[in-house]
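The primary structure of each chain is shown beneath.
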There are 2 protein chains.
Amino acid sequence: MAAAPVWSVDPRTGKQREQVAVEATAQEVDATVRAAHQARGALADRTVRSALLRSAADELEAAKGTLIEVADAETALGPVRLTGELARTCYQLRAFADIVDEGAFLDVVIDHPDDTATPPVPDLRRHKVPLGVVAVYSASNFPFAFSVPGGDTASALAAGCPVVVKAHPDHPGLSELVAKVLRRAAARHGVPEGVLGLVHGFEAGVELVRHPLVAAAGFTGSVRGGRALFDAAAARPVPIPFHGELGSLNPVLVTEAAAAERAEAIGAGLAGSMTLGVGQFCVKPGLVLAPASAAGDRLVKSLTDAVSDTDAGVLLDHRMRDHFVAGVAERTRLPDVESPVTPGAGGEHTVSAGFLTVPASRLAAEGEHDLLLEECFGPVTVVVRYEDDAEVRAVLSRLPGNLTATVHLSEEEGAGQGRGAEILGELTPLAGRVLVNAWPTGVAVAPAQHHGGPYPATTSTSTSVGGTAIERWLRPVAYQNSPQALLPQELRDDNPLGLPRRFNGRLER
Amino acid sequence: MAAAPVWSVDPRTGKQREQVAVEATAQEVDATVRAAHQARGALADRTVRSALLRSAADELEAAKGTLIEVADAETALGPVRLTGELARTCYQLRAFADIVDEGAFLDVVIDHPDDTATPPVPDLRRHKVPLGVVAVYSASNFPFAFSVPGGDTASALAAGCPVVVKAHPDHPGLSELVAKVLRRAAARHGVPEGVLGLVHGFEAGVELVRHPLVAAAGFTGSVRGGRALFDAAAARPVPIPFHGELGSLNPVLVTEAAAAERAEAIGAGLAGSMTLGVGQFCVKPGLVLAPASAAGDRLVKSLTDAVSDTDAGVLLDHRMRDHFVAGVAERTRLPDVESPVTPGAGGEHTVSAGFLTVPASRLAAEGEHDLLLEECFGPVTVVVRYEDDAEVRAVLSRLPGNLTATVHLSEEEGAGQGRGAEILGELTPLAGRVLVNAWPTGVAVAPAQHHGGPYPATTSTSTSVGGTAIERWLRPVAYQNSPQALLPQELRDDNPLGLPRRFNGRLER
């Protein structure tokens with residue numbers, strides 16, 4: 001049987017550009033995983049890992065021209081956004097190199113023997129070791145930052161884990177190019193090219209999560225696809241951690257006082273955030289609680305004006321366009337749902353941005369309007385008009401888990417007068433990141449970042465952005481009563497590597 | 001329909017002592033979980049949590065006489081062991097109180113805005129919040145330390161999570177008593193008694209892991225029971241973390257040089273470890289690689305002498321006794337398996353300790369001898385006689401994941417001559433704790449402890465003993481752009497609580 005071809009497609013026209021690969025057979029997935037597993041020893045040395053990550057950033061920057069061109073041809077995201085995303089991706093690779101060098105992620109804990117404890121404590125020394133081969137399922141909407149060279153790959157390599165990426169079918173040509181760049185960076189440091197495997201094809205993705213030598217998986221994508229892979233990971237004879245980022249509504253609450261103070265600015269800001277990147281961000285604000293007051297009307301008016309001015313845009317592929325058009329139509333048909341700016345099909349290959357409104361009372365109890373509590377990927381948001389705090393609480397209590405939750409407060413509320421702190425407390429159970437007077441789009445790469453949240457935002461309590469993303473690919477090991485001469489340098493009393501650690505109970509910087 | 005009675009049973013006679021409870025119906029499980037959920041607010045204050053944990057230890061010590069008496073009547077573990085276990089349990093509760101007070105587990109990270117980052121970093125502040133109600137499935141073999149007042153409960157309360165315990169049917173009377181003691185401690189600090197729920201019954205346990213308000217689960221028990229609950233946790237509409245400790249062989253490797261140096265001491269030490277607590281420890285050494293040499297013969301001789309001298313003992317219940325007798329018989333029937341001291345039925349209610357031997361070649365490839373690679377709960381171990389390092393590696397490569405792996409080295413090997421460090425490297429992928437010249441039984445409560453390991457040792461990368469056990473019940477939340485006046489005190493620049501943290505990238509003690 002001939003191998004199934006993998007085509008690069010131009011979303012601006014829906015036409016095939018060229019065949020860039022073939023779908024991997026089960027045998028090819030096996031060979032790819034085995035090559036990655038074989039390469040793990042080359043990552044044992046942390047200095048090799050940080051050097052590899054920095055070289056990867058250098059090589060990506062050197063190949064920038066070609067990469068941006070191919071990325072734009074396959075995603076239609078435009079060179080400005082893609083240039084920014086590539087810069088972010090390189091910044092992220094270097095940030096993980098710094099994290100590797102610092103070594104705090106090893107969580108070194110050393111306890112000397114203590115006969116006064118109950119029971120007595122022997123010599124115990126703990127650090128963290130890499131889990132093994134990590135399967136990375138790339139996202140469509142970030143062809144660099146959440147794809148082959150993205151946060152999952154960077155954090156896994158930083159942890160010492162080889163990676164096999166399942167390429168996203170929306171940018172297979174770019175995936176091939178980037179994989180070659182990363183392998184070149186690996187080769188520069190004597191790391192076998194197998195350390196970064198790449199496979200194409202739906203079936204290959206399923207084979208990958210089931211492979212006995214795959215030790216963990218990272219995923220960014222839809223609830224449906226992510227849940228299927230999560231289920232497969234959990235059903236293995238030996239289950240593995242599956243860190244999936246699946247979907248999020250990203251609720252926004254605008255208080256009456258905030259709307260009264262700056263309805264126009266909030267409406268315009270919301271328009272910018274929900275239409276950014278043609279609404280194709282996992283942190284797009286998808287549900288906005290705005291007061292049913294005159295101030296709320298001003299907000300809706302401002303949003304109407306700004307969204308009306310938004311150009312039609314190209315989604316990442318035509319299947320998404322079909323889903324968007326159908327999803328919007330289904331929502332618009334619901335009783336009491338209005339569309340001040342009707343989102344939907346733009347031209348033959350584009351979509352136009354818009355938004356819906358609905359009274360909060362329609363969402364207070366289970367019913368057909370629950371469809372509005374599901375993410376709709378693309379440039380649309382739902383403005384929920386509330387009468388009072390009780391209605392706000394009723395809607396919030398019905399939301400699934402989210403990556404983000406946002407509140408817009410007045411200046412006085414922000415200064416501690418009124419319900420500001422209380423609202424923060426109410427939003428905290430809903431999300432992994434809580435914002436005040438800001439918009440959720442834009443996920444900074446920083447130590448304090450948390451890009452994750454209650455299910456279905458993520459399938460675990462971990463983050464896929466920020467320094468702590470490395471924790472996903474490690475497990476602790478304790479050594480008991482071992483002569484220091486036999487131990488890894490990380491665990492020796494004299495701390496030859498200068499690691500931050502907990503030593504006899506005391507934190508040492 | 002009448003409620004199903006829960007009987008306390010004396011394992012020394014197999015006779016019912018008294019009815020101590022009834023099995024919880026689905027409605028009762030629901031009410032118990034809701035009461036726990038309602039109590040969560042009372043745990044928000046960390047000072048209340050540490051005070052509650054210390055009071056729990058105090059109250060358990062005050063009730064010691066009754067508790068030990070009932071525990072012994074239900075488990076036959078004897079007052080000496082049980083007194084030690086209760087002391088360990090109280091030590092553990094207080095250790096978690098100290099951890100709560102220190103606050104390092106909150107993992108506070110604060111980043112001030114940084115416009116030089118790519119993309120720019122806004123004000124971001126991260127800490128960890130409790131997940132919600134934790135379901136705890138108690139173990140049979142530690143009626144205190146891995147049961148109602150054990151490490152799962154202590155770490156969950158420390159994290160700020162209410163607990164609902166599924167009582168183990170081997171000590172239901174003790175479970176009821178201890179739950180009352182813990183509730184008394186909670187009441188002392190104004191925490192509702194619902195913070196510590198207790199349910200009996202197999203079906204109640206299944207209901208519990210499926211309850212929408214249960215946010216995570218901890219389990220210590222068998223592979224079969226643990227896997228069924230793990231599967232149920234993963235299959236929920238909203239999956240939850242399931243931290244299960246299921247089973248472990250705990251391999252031990254004795255090098256030729258170590259056997260030559262001190263075969264007798266190693267044989268005697270092994271006998272002590274494998275028969276401790278009538279072999280009912282999850283870290284019992286269940287598979288021992290000993291050389292097929294004259295030195296290895298001396299080890300087997302010493303083991304024979306010591307095990308022959310061991311008194312018959314009472315297992316925790318008669319079902320376990322049946323399993324042990326059947327499991328040993330099945331293993332003994334395998335070709336080339338010998339039993340220098342035949343384990344099996346002792347008296348009517350007891351079992352006698354013993355061990356089996358098998359040539360390593362029998363375990364080098366898949367076959368009927370794989371039964372020897374499964375845990376057999378009770379006082380039995382399998383001594384695998386090896387010819388060379390290749391045979392050792394072949395057997396190690398066939399092992400499932402373990403809580404512990406141990407090597408006994410000669411003095412020279414321990415000093416760094418020979419294969420000592422290499423062997424440590426080979427054992428590390430197999431287990432969560434690696435021991436040198438020691439025995440795995442005895443799990444110290446210490447910051448560096450790790451009691452977990454690759455599946456089926458645990459279903460996650462976490463530990464159920466030691467300070468980091470608290471991490472299982474928390475999730476991170478980041479706050480973006482929030483005025484400090486609205487934030488929890490933990491996240492304020494001036495650090496009013498004196499927490500260890502990462503501040504603008506720098507670790508602060």
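How each quantity is defined
Residues numbered from 1 in each chain as written. Chains lettered and ligands numbered in written order. Predicted model: local features only at pLDDT ≥ 70, side-chain atom pairs only at ≥ 80, totals over all residues. Heavy atoms only, no water. Helix = DSSP H or I, 4+ residues; strand = E, 2+ residues; numbered from the N terminus. Rg over C-alpha atoms; globule rule 2.2 N^0.38 Å. Contact = heavy atoms within 4.5 Å. Areas by Shrake-Rupley, 256 points an atom, 1.4 Å probe, with all protein chains shown as cover. Lys, Arg positive; Asp, Glu negative; His and termini not counted. Charge placed at Lys NZ, Arg CZ, Asp CG, Glu CD. Pairing = 2+ DSSP bridges. Axes fitted to C-alpha atoms, helices over the stretch in contact; angles between N-to-C directions. Domains from an automatic or database assignment. Buried area = accessible area lost by both parts, 1.4 Å probe. Salt bridge = Lys/Arg side-chain N within 4 Å of Asp/Glu carboxyl O. Polar contact = N/O pair within 3.5 Å; in protein donor to acceptor, adjacent residues only side chain to side chain. Nonpolar A, V, L, I, M, F, W, Y, C, P; charged D, E, K, R; others polar. Core = buried A, V, L, I, M, F, W, Y, C linked by side-chain atoms within 4.5 Å. Buried < 20%, exposed > 50% of the residue type's maximum accessible area, 1.4 Å probe, protein only. Right-handed = clockwise from strand over helix to strand, strands pointing away. Least-squares fit on C-alpha atoms with pLDDT ≥ 70 in both.

Caption draft 1: A look at the overall build of chain A. Each helix and strand counted, chain A has 14 helices and 21 strands in total. Computed over its C-alpha atoms, the radius of gyration of chain A comes to 24 Å, within 12% of the 23 Å expected for a compact globule of 509 residues. Long-range pairs, those at least 24 residues apart, make up 76% of the contacts in chain A between residues at least 6 apart in sequence. Surface accessibility of chain A: about 17800 Å² in total, with carbon and sulfur atoms responsible for 54%. Taking the average place of the 45 positive charges on the side chains of chain A and the average place of its 61 negative ones, the gap between the two points comes to 5 Å.

Caption draft 2: Inspection of the sheet that holds strand β4 (residues 124-130) of chain A at higher detail. Reading across from one edge, β21(A)-β20(A)-β3(A)-β4(A)-β19(A)-β18(B)-β17(B)-β10(B)-β11(B)-β16(B)-β15(B)-β12(B) is the order of the 12 strands in this open sheet, with mixed pairing throughout. Because the sheet does not close on itself, it has two edges, and the strands there are β21 (506-508) of chain A together with β12 (338-341) of chain B. This sheet shows a mean twist of 25 degrees between the axes of neighbouring strands, independent of strand direction. One ladder, built from 3 bridges, connects strand β19 (residues 474-480) of chain A with strand β18 (residues 431-436) of chain B; its direction is parallel. Residue pairing across strands places Gln480(A) opposite Leu435(B), the latter belonging to β18(B).

Caption draft 3: The domain arrangement of chain A, seen in detail. All names here are of chain A. For chain A, the domain assignment lists domain 1 (23-105 + 130-246 + 461-473) and domain 2 (251-436). Taking only C-alpha atoms into account, the centre of domain 1 sits 32 Å from that of domain 2. Across the contact, 11 residues belong to domain 1 and 11 residues belong to domain 2. Here domain 1 and domain 2 share an interface that buries about 860 Å² over both sides, 58% of which is from carbon and sulfur atoms. It is Asn141, Asp170 and Glu245 that lose the most area in domain 1 upon contact with domain 2, and together they represent 44% of the buried surface on that side. At the boundary of domain 1 and domain 2, one finds 0 salt bridges. Our count for the domain 1 to domain 2 interface comes out at 1 residue pair in polar contact (both at pLDDT 80 or more). Residue composition of the side of domain 1 that touches domain 2, grouped by class: 4 nonpolar, 3 polar and 4 charged.

Caption draft 4: Representation of the nonpolar core in the model. Of all hydrophobic cores here, the largest spans 204 residues; its most connected members are Leu60(A), Phe144(A), Val384(A), Leu60(B), Phe144(B) and Val384(B). Each residue touching Val384(B), except ones within four places of it in the same chain, is listed here: Leu287(B), Val288(B), Leu289(B), Ala290(B), Val358(B), Pro359(B), Ala360(B), Leu363(B) and Val395(B). With 48 residues, the next largest nonpolar core counts Val133(A), Tyr137(B), Val214(B) and Ala217(B) among its residues.

Caption draft 5: Summary view of the sheet that holds strand β20 (residues 501-503) of chain B. Here 12 strands make up an open sheet; going across it, the order is β12(A)-β15(A)-β16(A)-β11(A)-β10(A)-β17(A)-β18(A)-β19(B)-β4(B)-β3(B)-β20(B)-β21(B) and the pairing mixed. The open sheet has two edge strands with one neighbour each: β12 (338-341) of chain A together with β21 (506-508) of chain B. The sheet shows a mean angle of 25 degrees between the axes of neighbouring strands, taken without regard to direction. In terms of strand pairing, strand β10 (residues 251-254) of chain A meets strand β11 (residues 287-291) of chain A through 3 bridges, oriented parallel. Looking at the pairing, Val252(A) lines up with Val288(A) of β11(A).

Caption draft 6: Structural detail: the interface of chain B and chain A. Counting residues at the interface gives 78 residues for chain B and 78 residues for chain A. Of the roughly 5800 Å² buried between chain B and chain A, counting both surfaces, carbon and sulfur atoms make up 61%. It is Ala448(B), Gln480(B) and Leu486(B) in chain B that bury the most area against chain A; as a group they hold 11% of the surface buried on that side. Across the chain B-chain A interface, the total number found is 2 salt bridges. Arg502(B) serves as the salt-bridge partner of Glu102(A), at 2.9 Å between the closest nitrogen and oxygen. Where the side of chain B that touches chain A is concerned, the elements lending two or more residues are α4 (79-102), β3 (108-111), β4 (124-130), α8 (223-235), α13 (411-414), α14 (420-427), β18 and β19 (474-480) of chain B. Considering every element that reaches the side of chain B that touches chain A, the biggest residue donor is β19(B), with 7 residues. Here the side of chain B that touches chain A is built from residues that sort into 50 nonpolar, 15 polar and 13 charged.

Caption draft 7: Looking closely at the pairing of strand β1 (residues 5-10) of chain A. Residue and element names in this part refer to chain A. Burial of β1 is one-sided: the residues Val6, Ser8 and Asp10 facing one way are buried, the residues Pro5, Trp7 and Val9 facing the other way are not. For β1 and strand β2 (residues 15-22), the ladder comprises 6 bridges, and the chain directions are antiparallel. From the neighbouring strand, serine 8 faces β2, where its bridge partner is glutamate 18. Taken together, β1 and the strand that follows it, β2, pair antiparallel across an intervening segment of 4 residues, in which glycine 14 is found at a positive phi of about 75 degrees.

Caption draft 8: The pairing of strand β6 (residues 163-166) of chain A, seen in detail. All names here are of chain A. Burial along β6 is two-sided: the residues Val163 and Val165 and Val164 and Lys166 are all buried. Pairing between strand β5 (residues 133-137) and β6: 4 bridges, direction parallel. Bridging across to β6, alanine 135 finds its partner in valine 164. A crossover connection joins β5 to the parallel β6 through helix α5 (residues 151-159); in handedness this β-α-β unit is right-handed. In this sheet, strand β7 (residues 196-199) lies alongside β6 in parallel orientation, the contact comprising 4 bridges.

Caption draft 9: The relation of the copies chain B and chain A, seen in detail. Least-squares fitting of chain B to chain A yields an RMSD of 0.0 Å, with the transformation described by 0.0 Å of translation along the axis and a rotation of 180 degrees. Seen this way, the second copy is the image of the first under a two-fold rotation axis. Most of the interface of chain B is mirrored in chain A, where 100% of its interface residues again form contacts.

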